[in-house]
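# Structural overview
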Amino acid sequence: FTIDLFKQQSESVASGAAADVAIYKVGYPVAGECGQGSVDSAVAKYPEQFAGFKEGSCKDVGYTVADGQKTITIPVWGKTFTIDLFKQQSESVASGAAADVAIYKVGYPVAGECGQGSVDSAVAKYPEQFAGFKEGSCKDVGYTVADGQKTITIPVWGK
């Protein structure tokens, strides 16, 4: 099971320094998916102007199923940037089959961070009931800065 990790925004940002804004682009960096990330509001105009990103989230354009992250290197600038990936809900899910839901837990699997993953809605009750996960995303509880991924093995289940 792969969990996306998120940190809280730094104190300097929370106290009035330039805030991050969410930007997204359909078909990037993976064809058929939507890539979303957070950038400092002072520089958000550059990926919008030169790379076709838009302000907002993948959810705004129908990509609601979390599908991991990808780290890319920005040409010319040379900095790395982690992009959250989202898929559209499959046709079978849209027609009534079980859908994936996002679940999260603060302090797991890394102390001081929030771990988030997607599970089939039919089994989401188990990590909620037995491991203290909640339905939703880390962003819902103030953890907005992507900080990589960690793959874990779920005891008993073995996945």
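The topology assignment puts Val 30 in the loop between strand E2 (20–26) and strand E3 (34–40). With relative accessibility at 28%, the residue Val 30 sits in the partly exposed group. The spatial distance from the C-alpha of Val 30 to the C-alpha of Phe 86 is 9.6 Å, given a sequence separation of 56 residues.

Turning to the confidence of the model for the chain, a few remarks are in order. Averaged over all residues, the pLDDT of the chain is 80; the fraction at 70 or higher stands at 84%. Mean pLDDT per element in the chain: helix H3 (residues 91–94) is the minimum at 47, and strand E4 (residues 54–55) is the maximum at 90. In this model residues 91–95 is a low-confidence stretch, pLDDT under 50, and it forms 4 contacts with partners more than four residues away in sequence or in other chains.

What follows concerns the pairing of strand E6 (residues 80–88). Bridge count for E3 against E6 is 3 bridges, and the pairing is antiparallel. Bridge pairing in E6 places Gly 35 opposite Leu 85. One ladder, built from 8 bridges, connects strand E5 (residues 63–73) with E6; its direction is antiparallel. Bridging from a neighbouring strand, Gln 69 pairs with Asp 84 of E6. Between the antiparallel neighbours E5 and E6 lie 6 residues, among them Val 76 with a positive phi of about 70°.

Under the counting rule described, the total for this entry stands at 4 aromatic pairs. Their ring planes at 85° and their centres at 5.8 Å tell us that Tyr 28 and Phe 53 sit as a pair that is edge-to-face. Within this pair, whereas Tyr 28 is found in the loop between E2 and E3, its partner Phe 53 is found in the loop between helix H2 (45–51) and E4, the two being separated by 25 residues in sequence. Its relative accessible area of 29% is what places Tyr 28 among the partly exposed residues.

Turning our attention to the pattern of salt bridges. Counted according to the given criterion, the structure contains 1 salt bridge. Across the salt bridge formed by Asp 84 and Lys 139, the nearest N and O atoms sit 3.6 Å from each other. In this pair, Asp 84 is assigned in strand E6 and Lys 139 in the loop between strand E9 (134–135) and strand E10 (143–151), connecting sequence segments 55 residues apart. Lys 139 sits in the partly exposed class, given a relative accessible area of 31%.

On to unusual backbone geometry. Residue Tyr 28 is joined to Pro 29 through a cis peptide bond whose omega torsion reads 0°. Mapped onto the fold, Pro 29 is located in the loop between E2 and E3. For the bond from Tyr 108 to Pro 109, the omega torsion is 0°, close enough to zero to count as cis. Note on placement: Pro 109 falls in the loop between strand E7 (100–106) and strand E8 (114–120).

A few words now on the state of the cysteines. According to the stated counting rule, one finds 2 disulfides in the structure shown. With its sulfur 2.1 Å from that of its partner, Cys 34 forms a disulfide with Cys 58. Because the sign of the S-S torsion sets the handedness, a value of about -85° for the bond joining Cys 34 and Cys 58 places this disulfide among the left-handed ones. Here Cys 34, found in strand E3, pairs with Cys 58, found in the loop between E4 and E5; they are 24 residues apart in sequence, far enough to count as distant. The same class applies to Cys 34 and to Cys 58, which are both buried. If the cysteines joined by disulfides in the chain are listed in sequence order, their pairing comes out as 1-2, 3-4.

What counts, and at which threshold
- Throughout, a residue's number is its position along its own chain's written sequence, starting from 1.
- pLDDT decides what is reported in this predicted model: residues at 70 or higher carry local features, side-chain atom pairs at 80 or more are listed and counted, and totals for whole chains, interfaces and linings draw on all residues regardless.
- The side-chain values count all of the structure's non-hydrogen atoms but skip hydrogen atoms and water molecules.
- Per the convention used, a helix needs a DSSP run of H or I reaching at least four residues, while a strand needs a run of E reaching at least two, with both numbered from the N terminus.
- Exposure categories follow from relative accessible area, calculated using a 1.4 Å probe and restricted to protein chains: below 20% of the type maximum is buried, above 50% is exposed, and the middle band is partly exposed.
- By definition, pLDDT measures how confident the predictor is in each residue, and it falls between 0 and 100.
- Contacts between residues were defined by any pair of non-hydrogen atoms, one from each residue, lying within 4.5 Å.
- In this description, strands pair whenever DSSP reports at least two bridges between them.
- The rule is short: rings of Phe, Tyr and Trp, with Trp giving its six-membered ring, pair when the centres are within 6.5 Å, and they are stacked under 30 degrees, edge-to-face over 60, tilted in between.
- Counted as salt bridges are all cases of a side-chain nitrogen of Lys or Arg within 4 Å of a carboxyl oxygen of Asp or Glu.
- Cysteine sulfur atoms are paired as a disulfide whenever they fall within 2.5 Å.

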